[in-house]
Amino acid sequence: MLKGIAASPGIAIGRAFVWDSEDYTITKHKIDEKDIPIEIARFEEALIKTRSEILEIQKKISKEMGVEHAEIFNAHLMVLEDRTLLEEVISKIKKEKANVEHSFFETLKKYADIFSKMDDEYLRERLVDVQDVSKRVIRNLLGEKKEELAELKEKIIIIATNLSPSDTALIQKEKVVGFATDMGGRTSHTVILARSLEIPAVVGLKSVTTEVKNGDIVIIDGSQGVIIINPNKQVISRYLREKRKFKIFEKNLSRLKSLPAVTEDGRTVVVAANIEFPEELASVLSHGAQGIGLYRTEYMYLNRTDIPTEEEHFQAYKKVALSMKKDPVVIRTMDIGGDKFVSHLDIPNEMNPLMGRRAIRFCLARPDIFKTQLRGILRASVYGNLKIMYPMISGLDELRQANKLLEEAKLELKKKKISFDKNIEVGIMIEVPSAGIIADILAKEVSFFSIGTNDLIQYSLAVDRINEKIAYLYEPAHPAVMRFIKSIIDAGHSAGIWVGMCGEMASEPVFALILLGLGLDEFSASAVSVPEIKKVIRSVSYKEARSIANKVLELDTATKIEQYGRAKLKELLIGKK
Ligand code: PEP
Ligand code: MG
């Protein structure tokens, strides 16, 4: 038995498929003399594929943004056609009898070294092109692995060192019944996605890839955060019983789905769902969510080699708007960067990607990409109740710059006589501490706040949200977090705007109770959590929740706050349906 972090609830039993997703961990292995032509052929195939990908991107960019933008990619093509480089790789394969990935990677490393030491700034900058192209080629060489994941034939449990959000997005629910990883924290996007897909998962197991072999029988208990390797018959039947119990528990909760989220003394709040893909809409509706509190649109940019067009944005948002009818749909503009890495966009490898050029920072640097999305949202806004939300806002200037681009996007549509909701509301995520501290200032220029605790906690407590080694320090119940949330809610209310939360904290019953008492107006989390949040809200009066929250604000450690909250929640839920 291994203990890790309970990431996505439920029980799964199945055969292990040990999958190493580390795209760029390139190992050297010897090949036979007779396999040399095969390796060279693989290299040529990867080059052809990469070339056609780049040409495709060039075509698209040229159509949408103009020829001069597309010309940037000429440098990429030149790297692919550099005979000296290509011959060096081939000779390395032949001489060292080494696999092509290794031979290519080593040659490129040498080139990159030379470029980085050049005096000429222009040539130094070509380093980025060399690196970008090399990543593409290597991805195409290793591409079979991803296909393997997308085309699994039987039901399996994935065991991996780490799964990136884009790997997870490829998982087909019918084929993968659960997963377990060495790395990861509770609010990593991989885990959030597992909850959305309702796939039981345990992460942060540290050694699962060394303990489990391909084909082993594995039990994943995503609720308790444990996995059991090659269990005996008795253990399997115990877990099959647990699995049935979990299903009954979920079914009972689902009876709450059409009931309002109202406290015993009549305070009504909104319980909405977070989504990553329009495909999740069925689950959103079946769990009784009263809107979409966060649509993570950046997933539209993953697992592809080009940028989504305005039409694609429009179609996706229109679909969501129509399904949700009058209920609010908060579309967050893309939050690329951090752990959601898109290799074909100009995002450099950064030392601290979670604090790097992600989200709104990237969008303000690339108004062309940003406005394409904004126009897509605006066009869809006539089909429902859409709202726009900017991620990672850290100050007023950023908000104003984003709004300026939004006005430009509106004007562009107006000129083309395309209709949109002129009064579309704009809100921001409060997930950077500086924004939280000046919430009173920001509140004057937005229609709503949504607190992104996944990031807000990591930045406030200086604890990387995806690092399992320090996961014990990632404490939503930390008194600093509690005080911070209260001050943000109060600032929003003083300015007359509603304040929601779309971080995972809102989905945990004990915190939902406290947040209700702190005055939160809207709760948004994975669709599966919706009935449970409603249950908590319907079990208490607002008056009592407020007094619980006030007591919480007096406590001095996370442990005390959690213990107190859990005891109160238990009292409230006992004997209630
Ligand atoms: C958050 O940071 O709390 C949030 C909801 O956004 P994401 O998890 O996508 O960073
Ligand atoms: Mg965030």
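Above: the structure in question.
Calculation rules
- Residues numbered from 1 in each chain as written.
- Chains lettered and ligands numbered in written order.
- Predicted model: local features only at pLDDT ≥ 70, side-chain atom pairs only at ≥ 80, totals over all residues.
- Heavy atoms only, no water.
- Donors = N, O, S within 2.8 Å, 3.2 Å for Na, K, Ca; no water.
- Helix = DSSP H or I, 4+ residues; strand = E, 2+ residues; numbered from the N terminus.
- Buried < 20%, exposed > 50% of the residue type's maximum accessible area, 1.4 Å probe, protein only.
- Salt bridge = Lys/Arg side-chain N within 4 Å of Asp/Glu carboxyl O.
- Phe/Tyr/Trp six-rings, centres within 6.5 Å; stacked < 30°, edge-to-face > 60°.
- Lys NZ or Arg CZ within 6 Å of the ring centre and 35° of its normal.
- Near = heavy atom within 4 Å.
- Polar contact = N/O pair within 3.5 Å; in protein donor to acceptor, adjacent residues only side chain to side chain.
- Areas by Shrake-Rupley, 256 points an atom, 1.4 Å probe, with all protein chains shown as cover.
- 1 Å grid on protein atoms, 1.4 Å probe; cavity = no way out; pocket = protein on both sides within 12 Å on 5 of 7 lines; lining within 4 Å.
- Sits in = over half its atoms within 2 Å of the grid points.
- Nonpolar A, V, L, I, M, F, W, Y, C, P; charged D, E, K, R; others polar.
- Pairing = 2+ DSSP bridges.
- Axes fitted to C-alpha atoms, helices over the stretch in contact; angles between N-to-C directions.
- Contact = heavy atoms within 4.5 Å.
- Disulfide = S-S within 2.5 Å.
- Parallel < 35°, antiparallel > 145°, perpendicular 65-115°, else oblique.
- Left-handed = near helix turned anticlockwise from the far one by under 90°.

Chemist: Could you give me a rundown of the coordination of the magnesium ion (ligand 2), with the residues and numbers involved?
Modeler: On the protein side, the magnesium ion (ligand 2) has Glu-431 (OE) and Asp-455 (OD) as donor atoms, found 2.0 to 2.1 Å from it. Note that Glu-431 is positioned in the loop between strand S13 (425–430) and helix H17 (433–437) and Asp-455 in helix H19 (residues 453–461), a separation of 24 residues in sequence. With respect to burial, Glu-431 and Asp-455 carry one shared label: buried.

Chemist: Before we move on, could you go through the pattern of salt bridges and cite the residues and values that matter?
Modeler: Side chains that differ in sign of charge can pair as their charged atoms come close. If you walk through the whole model with that rule in mind, you get 38 salt bridges. With its nearest N and O atoms 2.7 Å apart, the salt bridge here joins Arg-375 to Glu-412. On the criterion of sequence distance, the pair formed by Arg-375 in helix H15 (residues 367–380) and Glu-412 in helix H16 (residues 396–415) is long-range, its members being 37 residues apart. Through salt bridges that share partners, Glu-310, Glu-311, Lys-371, Arg-375, Arg-379, Lys-404, Glu-408 and Glu-412 make up one connected network.

Chemist: So what's going on with the packing of aromatic side chains? Which residues, and what values?
Modeler: Aromatic ring pairs are reported here in terms of the distance separating the ring centres and the angle at which the planes meet. Per the counting criterion, the structure on display carries seven aromatic pairs. With centroids separated by 6.4 Å and ring planes inclined at 40°, the aromatic side chains of Phe-246 and Phe-249 adopt a geometry described as tilted. Remark: Phe-249 and Phe-246 occur in helix H11 (residues 233–254); sequence separation between them is three residues, near one turn of the helix. Since its relative accessible area comes to 18%, Phe-246 is described here as buried. By relative accessible area, which is 41% here, Phe-249 ends up partly exposed. Lying over the aromatic face of Tyr-542, Arg-546 brings its terminal NZ or CZ to 4.8 Å of the ring centre.

Chemist: If you had to explain the site of ligand 1 to someone new, which residues and values would you point to?
Modeler: In the vicinity of ligand 1, 17 residues are found, and the nearest of them are His-189, Arg-296, Arg-332, Asn-454 and Arg-465. For ligand 1, an oxygen atom lies 2.8 Å from a polar atom in the side chain of Arg-332. Separating an oxygen atom of ligand 1 from a side-chain N or O atom of Arg-465 is a distance of 2.8 Å. Relative to its unbound accessible surface of 290 Å², ligand 1 loses 100% to contact with the protein. More than half of the atoms belonging to ligand 1 lie within 2 Å of the grid points that define the largest cavity. Within the residue set of the shell around ligand 1, elements represented by two or more residues are helix H9 (189–197), strand S10 (292–296) and H19. Here the element with the most residues in the shell around ligand 1 is H19; it accounts for three residues. Within the shell around ligand 1, the residues separate by chemical class into four nonpolar, five polar and eight charged.

Chemist: Any chance you could break down the sheet that holds strand S11 (residues 328–332) for me, citing the residues and the numbers?
Modeler: Spatial strand order, S9-S10-S11-S12-S13-S14-S15-S16: eight strands in a closed barrel with parallel pairing. Neighbour-to-neighbour, the strand axes of the sheet open up by a mean angle of 25°, direction not taken into account. Pairing analysis gives four bridges linking S13 to strand S14 (residues 448–451), with the strands arranged parallel. The partner of Met-429 across the bridge, within S14, is Ser-450. On the sheet, helix H22 (residues 530–538) packs against strand S9 (270–275) and strand S16 (522–526) and is oriented at approximately 160° with respect to S9.

Chemist: How would you explain the state of the cysteines if you had to name every residue and give the values?
Modeler: Within this structure, the stated rule accounts for zero disulfides. Considering cysteine sulfurs only, Cys-502 is the nearest to Cys-363, which forms no disulfide, with 16 Å between them. For Cys-502, a relative accessible area of 1% translates into the label buried.

Chemist: Explain the sheet that holds strand S7 (residues 217–221) to me, using residue names and the numbers behind them.
Modeler: One open sheet accounts for eight strands, arranged S1-S8-S7-S3-S4-S5-S6-S2; its pairing is mixed. The sheet is open, and its two borders are formed by strand S1 (2–3) and strand S2 (5–8), each paired with just one other strand. Note: S2 against strand S6 (residues 201–203), three bridges, orientation antiparallel. Considered in S6, the bridge of Ile-5 is made with Val-203. The strands that H11 touches are strand S3 (11–18), S7 and strand S8 (226–229); relative to S3, the one it contacts most, it runs at about 125°.

Chemist: Could you give an account of the packing of helix H23 (residues 542–552) against helix H24 (residues 558–573), naming the residues involved and the relevant values?
Modeler: Each packed pair of helices is defined by two parameters, the angle between the axes and the distance between the axes. Between H23 and H24, the least distance of the axes is 10 Å, while the angle of their chain directions is 160°. Taken together, the axis directions place H23 and H24 in an arrangement best described as roughly antiparallel. As H23 packs across H24, the resulting crossing turns out to be right-handed. Taken together, the residues of H24 that come into contact with H23 (itself represented by Glu-544, Ile-548, Lys-551 and Val-552) are Ile-561, Tyr-564, Lys-568 and Leu-572.

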